[in-house]
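Close look at the chain arrangement
Here's the letter readout for the chains.
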Amino acid sequence: MTGADQPSAFRLAYVPGATPAKWVRIWGERHPEVPLDLVAVTAAEAADVVREGGVDAALLRLSDDREGLHAIPLYTETTVVVVPKDHLVAAADEVSIADLADELVLHPLDDSLGWDRLPGKPALERPETTGDAIELVAAGVGVLMVPQSLARLHHRRDLTYRPVEDAPQSRVALSWPEGETSDLVEQFIGIVRGRTVNSTRGRQETQAKTGKAPARKKQREPDRRRNVPKSGGRGKPRRRR
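Residues numbered from 1 in each chain as written. Predicted model: local features only at pLDDT ≥ 70, side-chain atom pairs only at ≥ 80, totals over all residues. Heavy atoms only, no water.

The name recorded for the protein in an unreviewed UniProt entry is LysR family substrate-binding domain-containing protein, from Amycolatopsis echigonensis. The Sequence similarities (unreviewed entry) field of the UniProt record for the protein holds the comment "Belongs to the LysR transcriptional regulatory family." (UniProt positions renumbered as here; feature names shortened; annotations may be inferred.)

Here we take up the nonpolar core. Phe10, Leu12, Trp27, Leu174, Trp176 and Phe188 are the most contacted members of the largest nonpolar core, which has 32 residues in total. Breaking this core down by element, the ones donating at least two residues are strand 1 (10–14), helix 1 (21–30), helix 2 (46–51), strand 3 (57–61), strand 4 (69–76), strand 10 (171–177) and helix 5 (183–192). When residues in this core are grouped by element, the largest group, six residues, is from helix 5. When residues no more than four places from it in sequence are discounted, the contact partners of Leu12 are Pro20, Leu36, Asp37, Leu38, Val39, Ala57, Ala58, Leu59, Leu174 and Phe188. (Core = buried A, V, L, I, M, F, W, Y, C linked by side-chain atoms within 4.5 Å. Buried < 20%, exposed > 50% of the residue type's maximum accessible area, 1.4 Å probe, protein only. Helix = DSSP H or I, 4+ residues; strand = E, 2+ residues; numbered from the N terminus. Contact = heavy atoms within 4.5 Å.)

Within this structure, the stated rule accounts for seven salt bridges. Arg51 is the partner of Asp48 in a salt bridge, and the nearest nitrogen-oxygen pair spans 2.9 Å. Note that Asp48 and Arg51 are positioned in helix 2 at a spacing of three residues, about one turn of the helix. Classification of Arg51 by relative accessible area gives partly exposed; the value is 29%. Across the pair Arg61 and Glu77 runs a salt bridge, and its minimum N-O distance is 2.8 Å. Note that Arg61 is positioned in strand 3 and Glu77 in the loop between strand 4 and strand 5 (79–84), a separation of 16 residues in sequence. Arg61 sits in the buried class, given a relative accessible area of 11%. Beyond isolated ion pairs, a larger network of salt bridges with shared partners links Asp48, Arg51 and Asp65. (Salt bridge = Lys/Arg side-chain N within 4 Å of Asp/Glu carboxyl O.)

Printed below as a string of structure tokens:
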């Protein structure tokens, strides 16, 4: 695409904890003519931003409401419990939900784990955000279960976290509007799926844009000189007449 048909940028939204840096770098190497603009969004608003066309695509956590969206699951996140460093949980390598039965478990409004029933003892109020809940954990008010990426995002020296083996898990996906898969979205899908520039689809797209078929390697012609006898060589001796 050139001139007026070329978009000014590819807009990619991402939720807290998602890490698009590697894919952004590859995009810059392959499509330097189309800047990739990152748009930070909350987990709650990510799907609506895609549906309303505010971005071309988004890295979000899958929910049950996928109306109007295409989605490719990319990876599943480990669920961890965030606790103060001097908490008993910190002495274990891994815990279960049953181990947290006597704990006050915080449940922020932007929770992305989709609990059917929150374990432990419920708090009187729900913190507005995960960041607010982290502050409460640091104050010794309770514990918090989140995807590991969010525990890393809100890292504090006085807190630690441990995997919870039987907790629900969240899945991060690439999502874009249903029925609108543009060429740029296809290109980004190829990047997140690990396709190389020389993949079959990439060569087909290049051929379609340029109208030229990929050049074939010139086959090496056999060396016919090998079958031609050399003059003056040691051939079969002639008979004397």
